[in-house]
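If you want the building blocks of each chain, they are given just below.
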Amino acid sequence: MGDPDPIAGVEIISIRKLNIRWMPVLFLFPSVLCYVLFKYYPLLNMIYVSFFRYSIVNPPGVFVGFSNYTEFLSSATFWQAVSNTFVFFALYLGLTFWIPIVQALLLSDIRRANAFFRFMYQLPTIVPAVAGILVWKWMYNPDFGLLNYWLHFVGLGPYLWLNDLNMTKLAIVLPAVFAGNGISLLLYYSAIKSVPTEILEAAKVDGAGPWRRIWTMLLPNIRFIIVIQFVAFMSGVLLAYDNIYVMTQGGPAGSTTVVSMLVVNTAFQQSRFGISGAMSMFMFIIIALLTVLQNKISAEKD
Amino acid sequence: MNRTTKLSATFALIMAAAVTVSACGSSNNAENAASTTNANEPVATNATEPAATNDTTQTEPAQTAPEVDVEITVWDKPHADDLDKAFKESQFAVFEAKYPHIKVKHVEQTKEKEREQFMTAVAGGEQPDAYLNPYPDMESYIAQGIPADITDLWNSFEDKASYLPSSLNAATVDGKIYGVPNSMYVTGLMYNKQMFADAGIDPAAALKDWDSFGAAAQKLTNPGKGTYGYAILGMDWADWFFEYYVWQAGGDLTEKAADGTAKPAFTSDAVVKALQYYKDLKFKYQATQKNVVQSLDDNQKDFYTGHAASMIAGSDWFGGLVSKGMDLNNIGFSALPAGPSGISPSQVGGNYWILNPKASPEKQKAAFTYATYFTSKEYLEATLQFAKENGIFPNLLYVRSDLDLSKYIEGMPADLVANVQAAANNTHLEYFLKARLSPYIVKPIQQVLLDEKTDPLTVLKAAQDLAQKEVFDKYNAELKK
């Protein structure tokens, strides 16, 4: 038998390439269309607008090149907002990110009534986020709030909470410590449960204690989900708006004004959409860079 | 290709796409820019050239109904829980019967983020033909060309003489008119008569000047009972009421020159004195709530629940407070205590009907007819009658001068009526460039209210330096372009 005809081979490959499976395309089309319309189009339009002194009545206005970028980059107010944003990021990272991981590790060792505990962890997530924040805001009231009332029983306080410039950021992050990790916990729990029990049992037989099993077996095996969660967490925190707006509107004295808030205020209170778009672009680049960096570090460890 | 190169290529692609899109649109942009003088330069237009886009000509009297059917969109549909929903809908029907050629599409606006909704509609080319816009946004919106120039419509409007001349102030730039006055209010000091009586305080003497008010507010404060003298506004709208104290001290927060340029006056004697008084109310007299950054709603709640003895309020707030359970006879209203300058100006506010500059002349005329009908004597008397029949305390300040309020306020406390009208004797519009300057002024106010060690002049100086660099320098530069 001789070699196959090379020309005929090329024809077969071409036909195969054209053999499109329409069903997946059909299913993917709505989501791709939504992404293009509601994610990529606004993103490209934002970049476009950021180069104009935008006129809302007669868009897009006057082309100003990079002057919107230079204007906000030379603004102390902007850098204060950037600083606040990263302080929030550090606080959320230090106080909340690890909690569902620990909860999932503990939950995975609970045999009795495990489903009940999983349900209980999910329960707070059904409270609308804004409603939860409003309850906390009421609890923080220095005159009539519950928190100071409870704390005085253990000899603490009274604290001014949202009235104390040194405490406001912490007061905003604190509610997230106690609630809101339900879905993350389930993801981590599922990942832990997917680790083969034989490996863990073998490690136990070989004398590995609980801490060692966690550090050397469980955490490395669920690292993929931690990385995914971290990327979502990072963009979520760096673009946080609702909870801070409801709690403090960016105050007092600008101590909780974050970049996303500055973007909204610049656009809708000052009608300066060009600079607002430029600031959004800045945050897009920062988050993109941090995500790439995170992926790179993670890949190197692998 | 390594990761760094891939990353660079990705960003290069994004930026190239952006520049391409930008370049594609540039010819169109140039056309737009040329056809709309300074429409994208809010500052310049405001000071020197009223929005040149609003050049639609109207010459016929507004009262003349169009001969062909015209449909207009108005964002004034009442909310389901509004007390006057049925009344408003009946008035819509009256208008439709009177002007059968004007078909009105009433759109309901949600109660939150109204400004964002409106700006989004403008940006999307969906600006309503008539929209009720509050005073503070008029300056900025006129500069951007958002409201139509209705000077010709107004000048040919037969009933224009019945409107208070002062009601047009916030809608007039360089002699051109951009809004039909719809409502007005005046601010003053609202107090709880019973709490004053219980403390043995004579309101007339207590509300005379800053010192007497501070001492009275201190006396009205009783932490054991959870009551305090004065609900101070320290949240992110803090500059709203703070500016009154600056006026009382004889100054203003900004100065506008004849050539349109502006400069800050944050470190002027009047502003420093006003901020020092705020500090005294909190720390010297200890007469405010502990949570000085609580919302305006919370301040009102403290007042109608009997926790706060006084607060600054608008003359149109009575109805809301009574609906929350307050006894009207227990509410006192006075001009604000006089400051070091010996005067006590109040702020006048309200809203205007603004029209869509891009609407056809027919639609603009129909929208103008609509706006003037809903500020007509006929309509306002109907609202007063409705308020009287339903026990609602009416706003005592109207945009018209031909309303006889006496028959609608029978049984209302006479001193209240007289004091609201007295507060309107000396009124003031809000400070210039408020939309851009607000955060720069709120910051030192909050710093002083939250930290006893803060020196008012120091924080005002820092705020002024920052505002000069980030707002005034840019504003004045844009003006010269």
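Residues numbered from 1 in each chain as written. Chains lettered and ligands numbered in written order. Predicted model: local features only at pLDDT ≥ 70, side-chain atom pairs only at ≥ 80, totals over all residues. Heavy atoms only, no water.

Engineer: What is the right way to look at unusual backbone geometry in this model?
Structural biologist: The phi torsion of most residues other than glycine is negative, and most of the peptide bonds are trans. All names here are of chain A. Residues Pro 59 and Pro 60 are joined by a peptide bond in cis, for which omega reads 5°. Relative to the helices and strands, Pro 60 resides in the loop between strand S1 (52-53) and strand S2 (62-63). A cis amide bond, omega -5°, links Gly 251 with the succeeding residue Pro 252. Along the chain, Pro 252 falls in the loop between helix H14 (242-248) and helix H15 (259-268). Phi is positive for Gln 249, which is not a glycine, with a value near 55°. Position of Gln 249 among the secondary structure elements: in the loop between H14 and H15. Take Gln 249: its relative accessible area is 19%, and that puts it in the buried class. One non-glycine residue with positive phi stands out, namely Ser 271, at about 55°. Tracing the chain through its elements places Ser 271 in the loop between H15 and helix H16 (273-301). (Helix = DSSP H or I, 4+ residues; strand = E, 2+ residues; numbered from the N terminus. Buried < 20%, exposed > 50% of the residue type's maximum accessible area, 1.4 Å probe, protein only.)

Engineer: I keep staring at the UniProt feature "transmembrane region" (unreviewed entry) in chain A and nothing clicks. Help me out?
Structural biologist: The UniProt entry lists residues 20-38, 45-66, 86-107, 119-139, 170-189, 222-241 and 273-293 of chain A under the feature "transmembrane region" (unreviewed entry), expressed in the numbering used here. Spanning residues 45-66 of chain A, this segment combines 23% helix with 18% strand, and its end C-alpha atoms are found 16 Å apart. (UniProt positions renumbered as here; feature names shortened; annotations may be inferred.)

Engineer: For this particular structure, what's the right way to read the domain arrangement of chain A?
Structural biologist: One widely used convention gives an interface's size as the accessible area the parts lose upon coming together. Residues and elements named next belong to chain A. For chain A, the assigned domains are domain 1 (1-49) and domain 2 (68-301). Relative to domain 2, the C-alpha centre of domain 1 lies at a distance of 37 Å. Counting residues at the interface gives four residues for domain 1 and seven residues for domain 2. Interface area for domain 1 against domain 2, summed over the two sides, is near 420 Å², with a carbon-plus-sulfur share of 79%. Ranking the residues of domain 1 by area buried against domain 2 places Met 46, Ile 47 and Val 49 at the top, with a combined share of 83%. Inspection of the domain 1/domain 2 interface yields zero salt bridges. Tallied by class, the residues present in the side of domain 1 that touches domain 2 amount to four nonpolar, no polar and no charged. (Domains from an automatic or database assignment. Contact = heavy atoms within 4.5 Å. Buried area = accessible area lost by both parts, 1.4 Å probe. Salt bridge = Lys/Arg side-chain N within 4 Å of Asp/Glu carboxyl O. Nonpolar A, V, L, I, M, F, W, Y, C, P; charged D, E, K, R; others polar.)

Engineer: Teacher, can you tell me more about the interface of chain B and chain A here?
Structural biologist: On the chain A side, the residues contacting the 55 residues of chain B number 49 residues. Between chain B and chain A, the buried area comes to about 4,500 Å², and carbon and sulfur atoms account for 60% of it. Seen at the junction of chain B and chain A, the total is zero salt bridges. When contributions to the side of chain B that touches chain A are tallied by element, the ones reaching two or more residues are helix H1 (3-35), helix H4 (114-123), helix H5 (135-144), helix H17 (434-450) and helix H18 (456-480) of chain B. Broken down by element, the residue count for the side of chain B that touches chain A peaks at 14 residues, all from H1 of chain B. The class makeup of the residues in the side of chain B that touches chain A is 20 nonpolar, 19 polar and 16 charged.

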